[in-house]
Amino acid sequence: MAWSIADVARMSGVTSRTLRHYDEIGLLPPAWIGSNGHRYYEEADLLRLQQILLMRELDLGLREIQAVLDTQVDRVAVLREHHRRLRGERDRLETLVRTVGRTIAELEEGKDNNDMTKINRPENLFEGFEPSRPEAEAEVRERWPQAWEESRQAVEAMTAEDTERWQREVTAQMIRLAEFMVAGTPVADPAVQAEVDAHYQGVCRFWTPNAAAYKGLAQTYVDDPQFRANYDKIADGLAVYQRDAMVVYADARLS
């Protein structure tokens, strides 16, 4: 049995664009290509895609994944490692559920007391949140190796206090953008673009993207499952809203 590229994209959540890229670099060629030019995948290809996605979850780059698959490393061992990480993620999500529940309770208590800012322990707001990766590191490493090296050096120079402060800034910025999105503010609005400018300046702490690279980074927020999940934890649709705002910024300020 074979599945079209559209079928595989629907089943796996991997975009057709990404699947075509995997084919182009030899990581996941289709079983065959039909007379209509469409790619078709068989069961062995789906299993290989699962392994690719598992190793992406382990933060391996595409070249590293290619090397693992080519050397036929024990895939059961990879699955065991993924299972271990999933258990850890389950525990983290349970903590996050408690964090949000506690925040709701404290805000409702403050509302009852006419004090909407009542938070007993502000540090509890962030319990269970997963630290963000440096800005699109995997994408940068694959597409812009020099920029990735600059980013890596900048991250290594950061102290623990710097990292914590940066993570809080990123989270706060995501929340502000989510508020604009929920309010229906257009992405071209000056206030939204001011937030995107702050985002761009933050990215420039690690590397300096031009218009095309910044748009590529924007698309990564939507296409990469981990990035999209991190954004959509704040508000559903935030990854797409951020991307659209970044594209407007790139066209207006970086072109």
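Residues numbered from 1 in each chain as written. Predicted model: local features only at pLDDT ≥ 70, side-chain atom pairs only at ≥ 80, totals over all residues. Heavy atoms only, no water.

Caption draft 1: Expanded view of the environment of Ala2. Relative to the helices and strands, Ala2 resides in strand E1 (residues 2-4). Exposure remark for Ala2: the relative accessible area of 29% places this residue in the partly exposed category. With 30 residues separating them in the primary sequence, Ala2 and Trp32 have C-alpha atoms 9.2 Å apart. Residue contacts for Ala2: discarding those within four places in its chain leaves Trp32, Tyr40, Tyr41 and Glu42. (Helix = DSSP H or I, 4+ residues; strand = E, 2+ residues; numbered from the N terminus. Buried < 20%, exposed > 50% of the residue type's maximum accessible area, 1.4 Å probe, protein only. Contact = heavy atoms within 4.5 Å.)

Caption draft 2: How the structure looks around the sheet that holds E1. The strand order E1-E3-E2 describes an open sheet built from 3 strands, whose pairing is antiparallel. Each edge of the open sheet is held by one strand with a lone partner, namely E1 and strand E2 (32-33). Relative to strand E3 (residues 39-42), E1 is paired through 3 bridges, and the arrangement is antiparallel. For Ser4, the partnering residue across the bridge sits in E3 and is Tyr40. On top of the sheet, helix H3 (residues 43-57) reaches E1 and E3; it is set at about 85° to E3, its chief contact. (Pairing = 2+ DSSP bridges. Axes fitted to C-alpha atoms, helices over the stretch in contact; angles between N-to-C directions.)

Caption draft 3: Spotlight on the nonpolar core. Formed by 30 residues in total, the largest nonpolar core has its most connected members in Val196, Tyr214, Leu217, Leu238, Tyr241 and Met246. Breaking this core down by element, the ones donating at least two residues are helix H8 (160-182), helix H9 (190-203), helix H10 (211-223), helix H11 (225-234) and helix H12 (238-254). For Tyr214, the contacting residues outside a window of four places in its chain are Val196, His199, Tyr200, Pro209, Met246, Tyr249, Ala250 and Leu254. Core analysis: the next-biggest nonpolar cluster, separate from the first, contains 17 residues, Trp3, Leu28, Tyr41 and Met55 among them. (Core = buried A, V, L, I, M, F, W, Y, C linked by side-chain atoms within 4.5 Å.)

Caption draft 4: Representation of the pattern of salt bridges. Considering all chains together, one arrives at 7 salt bridges under this definition. The shortest N-O distance in the salt bridge between Arg39 and Asp23 comes to 2.8 Å. Here the residue Arg39 occupies a position in strand E3, and Asp23 occupies one in helix H2 (residues 16-24), the gap between them amounting to 16 residues. Of the two residues examined, Arg39 and Asp23, each falls in the buried class. Linking Asp251 and Lys215 is a salt bridge whose minimum nitrogen-to-oxygen distance equals 2.5 Å. Of this pair, Asp251 sits in helix H12 while Lys215 sits in helix H10, and the two are 36 residues apart along the sequence. (Salt bridge = Lys/Arg side-chain N within 4 Å of Asp/Glu carboxyl O.)

Caption draft 5: A look at the packing of aromatic side chains. Per the counting criterion, the structure on display carries 6 aromatic pairs. Ring geometry for Trp32 against Tyr40: centres 4.5 Å apart, planes inclined by 15°, an arrangement best described as stacked. Ring geometry for Tyr200 against Tyr214: centres 5.1 Å apart, planes inclined by 85°, an arrangement best described as edge-to-face. Taken together, the residues span a long stretch of sequence, with Tyr200 in helix H9 and Tyr214 in helix H10 at a distance of 14 residues. A connected cluster of aromatic rings, assembled from ring pairs, spans Tyr200, Tyr214 and Tyr249. (Phe/Tyr/Trp six-rings, centres within 6.5 Å; stacked < 30°, edge-to-face > 60°.)

Caption draft 6: Looking closely at the packing of H11 against H12. Running from amino to carboxyl end, H11 crosses H12 at an angle of 105°, the nearest separation of the two axes being 7 Å. Between H11 and H12, the angle is such that the two are roughly perpendicular. Along its contact with H11, which presents Arg228, Tyr231, Asp232 and Ile234, the element H12 presents Leu238, Ala239, Val240 and Gln242. For the contact of H11 with H12, the class distribution of residues is 5 nonpolar, 1 polar and 2 charged. (Parallel < 35°, antiparallel > 145°, perpendicular 65-115°, else oblique. Nonpolar A, V, L, I, M, F, W, Y, C, P; charged D, E, K, R; others polar.)

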